[in-house]
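Here is what each chain is made of, one letter per residue.
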Amino acid sequence: MNVEEIIKTSKKIPLEPRTVIHLELVHNRISEIMTGALKPFEVSMQQFNVLRILRGQQGNPANLSTINERMVTKMSNTTRLVDKLIAKGHVSRCICPSNRRKVEILITEQGLDALAQMDKALEEAHGNILKNFDKKELEQLNQLLDKF
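Keep in mind the model is a prediction, meaning the values are calculated, not measured.

(A) Up close: the environment of Leu-51. On the secondary structure map, Leu-51 appears in helix α3 (residues 45-56). With 57 residues separating them in the primary sequence, Leu-51 and Thr-108 have C-alpha atoms 9.6 Å apart. Excluding residues within four positions of it along the chain, Leu-51 makes contact with Leu-85, His-90, Val-91, Ile-107, Leu-115 and Met-118.

(B) Local environment of unusual backbone geometry. Phi at Lys-8 is positive, roughly 55 degrees, even though this residue is not glycine. As for its position among the elements, Lys-8 is in the loop between α1 (3-6) and α2 (15-38). With a phi angle near 55 degrees, Glu-42 is a residue other than glycine that sits in the positive phi range. Of note, Glu-42 is situated in the loop between α2 and α3. Overall, Glu-42 belongs to the exposed group, its relative accessible area being 62%.

(C) Spotlight on the packing of α3 against helix α6 (residues 109-129). Two elements in contact, α3 and α6, have axes separated by 11 Å at closest approach and are oriented at 120 degrees. The orientation of α3 with respect to α6, classified from their angle, is oblique. The way α3 lies across α6 gives a crossing that is left-handed. Here Phe-48, Leu-51, Arg-52 and Arg-55 of α3 lie close against α6, whose contacting residues are Leu-112, Leu-115, Met-118, Asp-119 and Leu-122. Here the contact of α3 with α6 is composed, by residue class, of six nonpolar, no polar and three charged.

(D) The nonpolar core, seen in detail. With 25 residues, the main nonpolar core has Val-50, Leu-54, Ile-67 and Met-118 as its most contacted residues. Elements represented by at least two residues in this core include exactly α2, α3, α5 (78-87), β2 (103-107) and α6. By residue number, the principal contributor to this core is α6, which donates six residues.

(E) Broad picture of the pattern of salt bridges. Inspection of every chain in the model, using the stated rule, returns four salt bridges. Of the charged contacts, one joins Arg-29 and Glu-32 as a salt bridge, the two residues approaching to 3.2 Å between their closest N and O atoms. Of this pair, Arg-29 and Glu-32 both sit in helix α2, three residues apart, roughly one helical turn. A residue is classified by how much of its surface remains accessible, and Arg-29, at 43% relative accessible area, is partly exposed. Glu-32 gets classed as exposed once you look at its relative accessible area, which sits at 51%. A salt bridge links Arg-93 to Asp-83, with the shortest nitrogen-to-oxygen separation between them at 2.8 Å. With Arg-93 in strand β1 (residues 91-95) and Asp-83 in helix α5, this residue pair connects regions lying ten residues apart in the sequence. Taking the relative accessible area as the measure of exposure, Arg-93 reaches 41% and is therefore partly exposed.

Rules used throughout
Residues numbered from 1 in each chain as written. Predicted model: local features only at pLDDT ≥ 70, side-chain atom pairs only at ≥ 80, totals over all residues. Heavy atoms only, no water. Helix = DSSP H or I, 4+ residues; strand = E, 2+ residues; numbered from the N terminus. Contact = heavy atoms within 4.5 Å. Buried < 20%, exposed > 50% of the residue type's maximum accessible area, 1.4 Å probe, protein only. Axes fitted to C-alpha atoms, helices over the stretch in contact; angles between N-to-C directions. Parallel < 35°, antiparallel > 145°, perpendicular 65-115°, else oblique. Left-handed = near helix turned anticlockwise from the far one by under 90°. Nonpolar A, V, L, I, M, F, W, Y, C, P; charged D, E, K, R; others polar. Core = buried A, V, L, I, M, F, W, Y, C linked by side-chain atoms within 4.5 Å. Salt bridge = Lys/Arg side-chain N within 4 Å of Asp/Glu carboxyl O.

Worth remembering: the numbers are spatial, not functional.
The following block contains the structure:
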């Protein structure tokens, strides 16, 4: 990916802004591929993230605060994400028996089944995104990204 070609400039971009622009372009490309992989399931990346968080609860409920804390992309509209997943039958919401002010959210069997299919689609997307890297390069890339 050549930054200058993509943004159609003939000028050499200084290293620091070029790096940031490059990261933005890579982020956008990854988002396009991942969103495309989830499109058949009619689920956004954020909704997928909520489902994965709930699956990670291993049958234990989570509240909105817990979900929001664990989100890859922090959002203020977690309630709306959960509402959309409820409408699709992927999650359920109930009042905590010991604290009626607390709302508990669980992934449904339908949600687990759908998530298993999504996992396969995203595994293929990951392969597509990372096809030009070998294992050693991926380890190096992760070490560099850990510096953020």
